[in-house]
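Residue-level structural notes
Given next are the chains, with one letter for each unit.
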Amino acid sequence: DAGVIQSPRHEVTEMGQEVTLRCKPISGHNSLFWYRQTMMRGLELLIYFNNNVPIDDSGMPEDRFSAKMPNASFSTLKIQPSEPRDSAVYFCASRPTGNQPQHFGDGTRLSIL
Amino acid sequence: AQRVTQPEKLLSVFKGAPVELKCNYSYSGSPELFWYVQYSRQRLQLLLRHISRESIKGFTADLNKGETSFHLKKPFAQEEDSAMYYCAGEGGKLIFGQGTTLQVKP
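Residues numbered from 1 in each chain as written. Chains lettered and ligands numbered in written order. Predicted model: local features only at pLDDT ≥ 70, side-chain atom pairs only at ≥ 80, totals over all residues. Heavy atoms only, no water.

1. A short note on the side chain of Ser94 of chain A
- Structurally, Ser94 of chain A can be placed in strand β9 (residues 88-95).
- Separated by 2.7 Å, the side chains of Ser94 of chain A and His29 of chain A make a polar contact. (Helix = DSSP H or I, 4+ residues; strand = E, 2+ residues; numbered from the N terminus. Polar contact = N/O pair within 3.5 Å; in protein donor to acceptor, adjacent residues only side chain to side chain.)

2. What to know about unusual backbone geometry
- Ser7 of chain A connects to Pro8 of chain A through a cis peptide bond whose omega is -10°.
- Relative to the elements of secondary structure, Pro8 of chain A occurs in the loop between β1 (5-7) and β2 (10-13).
- Here Gln80 of chain A and Pro81 of chain A are connected by a cis peptide whose omega angle stands at -10°.
- Structurally, Pro81 of chain A is set in the loop between β8 (74-79) and β9.
- For Asn52 of chain A, which is not glycine, the phi dihedral falls at a positive 75°.
- Checked against the element boundaries, Asn52 of chain A lands in the loop between β5 (42-50) and β6 (53-56).
- The partly exposed category is assigned to Asn52 of chain A, whose relative accessible area is 30%.
- One non-glycine residue with positive phi stands out, namely Thr68 of chain B, at about 45°.
- Looking at the element boundaries, Thr68 of chain B is found in the loop between β7 (60-61) and β8 (72-74).
- Judged by relative accessible area, which is 30%, Thr68 of chain B ranks as partly exposed. (Buried < 20%, exposed > 50% of the residue type's maximum accessible area, 1.4 Å probe, protein only.)

3. Observations regarding the confidence of the model for chain B
- When pLDDT is averaged across chain B, the result is 90; 100% of the residues are at 70 or more.
- Mean pLDDT across the elements of chain B ranges from a minimum in strand β10 (residues 94-96) of chain B, with 86, to a maximum in strand β3 (residues 19-21) of chain B, with 97. (pLDDT = per-residue confidence, 0-100.)

4. Topic: the sheet that holds strand β7 (residues 65-71) of chain A
Residues and elements named next belong to chain A.
- Taken together, 4 strands build an open sheet; the order of strands is β1-β3-β8-β7 and the sheet is antiparallel. In this open sheet, the two edge strands, each paired with only one partner strand, are β1 and β7. Going from strand to strand, the sheet's axes swing by 15° on average, the running direction of each strand aside.
- Two elements, strand β3 (residues 19-24) and β8, share 5 bridges in a ladder whose sense is antiparallel. Note that in β8 the partner of Arg22 across the bridge is Thr76. (Pairing = 2+ DSSP bridges. Axes fitted to C-alpha atoms, helices over the stretch in contact; angles between N-to-C directions.)

Below, the structure is given as structure tokens:
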């Protein structure tokens, strides 16, 4: 298995632009998680899905952020409009059912100018 | 509220010295606890989980329910251990501590 696949690996864009981050979880994993990592705040859980259904989005910073999981093999995290303070590394992770360890993707390094 | 606390942002030791990365948790019930490691600019990788009671790369972690701690230990640090270490607790969703950067100097 190739593991959790995220794209793009790097994204640089100007503030105000729409940004879409993509994630392909490991096949057969039922839960998917989006995290944001910054120097100041560490690793923050933004949202997670169980069986494609959003369970907890309390970590989503504001309405500019949205996430979808249209099927078991794909999820997106969208920021519209983007702002410089959104600059961070965004990780996606997936896991099977139960309290199994999460498997992380390589992350998307996002820079908003 | 569920919480995982890592009190040290940075731990700097010399090669060969013992290492202890602290982690305390606040959970109702019995959470499952993990240590993840992130080497420079790489993805997070699972290092240990408390139910396994195993040793990975010389690291061990023991759950102390009385002190609500899950400290990560290694008797002799190596330079390649330099990384960011996250303690995490599972209780429906994974909650991470703030992370501790371990710097092992030659």
